[in-house]
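This is what each chain is made of:
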Amino acid sequence: PPRSTLFPYTTLFRSASGGATFTATFTSDISDNSGWTMATATPADLYWIGGIGNWNSPSHWSATSNGTAACIIPTASTNVHFDANSFSANGQTVTINVPASCNSMDWSALTKTSIQMIGTSDVHINGSLTMKNRMVLTNYTGALYFESSNTGNTITSAGKTFTSAVYFNGNFGEWTLQDAFSTTGDITLNYGTLFTNNKNLTCNGFQSNNSNIRGLTLGVSTVILTGWSGAWNTGGNNFAFNAGTSLIKYT
């Protein structure tokens with residue numbers, strides 16, 4: 001089109017000509033894109049707007065709370081926020097309809113009740129996770145991946161129980177629980193260090209049997225395992241396990 005053009009997260013594959021200014025914002029420049037001005041920077045923060053919707057809908061993400069649509073979706077470097085302006089009624093849903101990535105995910109400013117995160121696609125979090133007790137997670141079954149390579153990450157569950165497999169995959173990353181963490185799936189520690197911070201941990205099984213550099217510090221936590229034989233499966237090399245005075249309990 002003979003005008004400046006915004007393509008949300010588009011990989012361009014055609015050259016442009018004709019004398020107009022063609023700008024592609026938040027894009028991937030692979031090849032054969034002459035005539036385009038590429039702007040690859042992404043906002044540090046995006047806010048959910050507009051109530052019910054799919055994760056990959058650009059119209060549901062704004063650079064400010066209750067702002068206009070930014071016409072982009074989050075990437076692994078974007079902090080995402082769900083707050084008082086995100087939903088217009090109780091019980092509305094955010095559907096994880098595609099594999100979702102973000103830096104930190106924060107629901108702490110949510111004011112509506114029974115807000116649901118639903119779907120079967122995975123969520124990849126490169127920073128911290130902060131949930132809210134007003135949420136409903138029973139219809140979300142995708143896997144949850146913590147993939148930070150940095151220290152200082154926190155996980156706040158706010159009393160919610162996940163129905164997901166949970167993976168810690170960040171090489172040299174560190175995560176500290178802020179309250180009790182519970183999932184009906186397995187927790188797999190592939191990389192990095194998990195500090196339960198004296199909080200209880202409930203899961204179907206805890207798996208960490210490989211040769212990657214990783215660690216688990218339990219303090220005085222109680223680890224409740226709801227699975228059967230092999231529910232506690234740790235071993236291999238390079239595993240720094242500090243049990244403290246914790247209790248590992250098979251139910």
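Residues numbered from 1 in each chain as written. Predicted model: local features only at pLDDT ≥ 70, side-chain atom pairs only at ≥ 80, totals over all residues. Heavy atoms only, no water.

S.K.: Describe the overall build of the protein, with residues and values.
M.R.: Each helix and strand counted, the protein has zero helices and 28 strands in total. The buried share of the protein, taken over its 251 residues, is 45%. Carbon and sulfur atoms provide 49% of the accessible area of the protein, an area that totals close to 11200 Å². (Helix = DSSP H or I, 4+ residues; strand = E, 2+ residues; numbered from the N terminus. Buried < 20%, exposed > 50% of the residue type's maximum accessible area, 1.4 Å probe, protein only. Areas by Shrake-Rupley, 256 points an atom, 1.4 Å probe, with all protein chains shown as cover.)

S.K.: Which residues make up the nonpolar core, and what are the values?
M.R.: Core analysis: the largest hydrophobic core is formed by 46 residues, its most contacted members being Phe 82, Met 105, Trp 107, Phe 146, Phe 168 and Phe 206. Other than its neighbours up to four places away in sequence, Phe 206 contacts Ile 187, Leu 189, Leu 194, Leu 201, Leu 216, Leu 225, Ala 231, Trp 232, Asn 233 and Thr 234. (Core = buried A, V, L, I, M, F, W, Y, C linked by side-chain atoms within 4.5 Å. Contact = heavy atoms within 4.5 Å.)

S.K.: With reference to specific residues and values, describe the sheet that holds strand β11 (residues 123-125).
M.R.: With parallel pairing, seven strands are arranged side by side in an open sheet as β8-β11-β14-β17-β20-β23-β26. The two strands at the open ends of the sheet, each matched to only one other strand, are β8 (100-102) and β26 (232-236). The mean angle between the axes of side-by-side strands here comes to 15 degrees, regardless of whether they run parallel or antiparallel. Alignment of strand β14 (residues 144-146) against strand β17 (residues 166-168), held across three bridges, turns out to be parallel. Counterpart to Leu 144 in the pairing with β17 is Val 166. (Pairing = 2+ DSSP bridges. Axes fitted to C-alpha atoms, helices over the stretch in contact; angles between N-to-C directions.)

S.K.: With reference to specific residues and values, describe the side chain of Ser 157.
M.R.: Secondary-structure assignment places Ser 157 in the loop between β15 (153-156) and β16 (161-162). What Ser 157 contacts, discounting residues up to four positions off in sequence, is Met 131, Phe 162, Asp 179, Ala 180 and Phe 181.

S.K.: For a nonpolar patch on the surface, give the residues involved together with the corresponding values.
M.R.: Together, Phe 241, Ile 248 and Tyr 250 make up a nonpolar patch on the protein surface, roughly 270 Å² of accessible area in all. You can see Ile 248 is positioned in strand β28 (residues 247-250). Residue Ile 248 is classed as partly exposed on the basis of its relative accessible area, which comes to 30%. (Patch = residues over 30% accessible without salt bridge, like charges linked within 9 Å, V, L, I, M, F, W, Y side chains within 5 Å. Salt bridge = Lys/Arg side-chain N within 4 Å of Asp/Glu carboxyl O.)

S.K.: Break down the sheet that holds strand β24 (residues 214-217) for me, with residues and values.
M.R.: Sheet strands line up and pair through hydrogen bonds in the backbone, either parallel or antiparallel. Overall, mixed pairing links the ten strands, which are arranged β5-β3-β6-β9-β12-β15-β18-β21-β24-β27 in an open sheet. A strand with exactly one partner marks an edge of an open sheet, and here the two such strands are β5 (61-62) and β27 (239-242).

S.K.: Which residues make up unusual backbone geometry, and what are the values?
M.R.: Glycine aside, residues mostly have negative phi, and peptide bonds are mostly found in the trans state. Although it is not a glycine, Phe 172 adopts a positive phi angle of roughly 70 degrees. Owing to a relative accessible area of 52%, Phe 172 belongs among the exposed residues under this scheme. We note that Asn 197 has phi near 60 degrees; this positive angle belongs to a residue other than glycine. Locating Asn 197 in the fold gives a position in the loop between β21 (192-195) and β22 (201-203). In this structure Asn 197 comes out as partly exposed when scored by relative accessible area, which is 36%.

S.K.: Tell me about the pairing of strand β23 (residues 205-210), residues and numbers included.
M.R.: Here β23 lies mainly inside the structure; five of its six residues are buried. When strand β20 (residues 186-189) meets β23, the two strands line up parallel, connected through three bridges. By the bridge assignment, Thr 188 is partnered in β23 with Gln 207. Where β23 and β26 come together, five bridges link them in parallel fashion. Across the sheet, the residue bridging to Phe 206 is Trp 232, located in β26.

S.K.: How would you sum up the side chain of His 124? Please name residues and give values.
M.R.: With respect to the secondary-structure elements, His 124 resides in strand β11. Separated by 3.0 Å, the side chains of His 124 and Glu 147 make a polar contact. For His 124, the residues in contact, after removing those within four places along its chain, are Ala 100, Ser 101, Cys 102, Tyr 145 and Glu 147. (Polar contact = N/O pair within 3.5 Å; in protein donor to acceptor, adjacent residues only side chain to side chain.)

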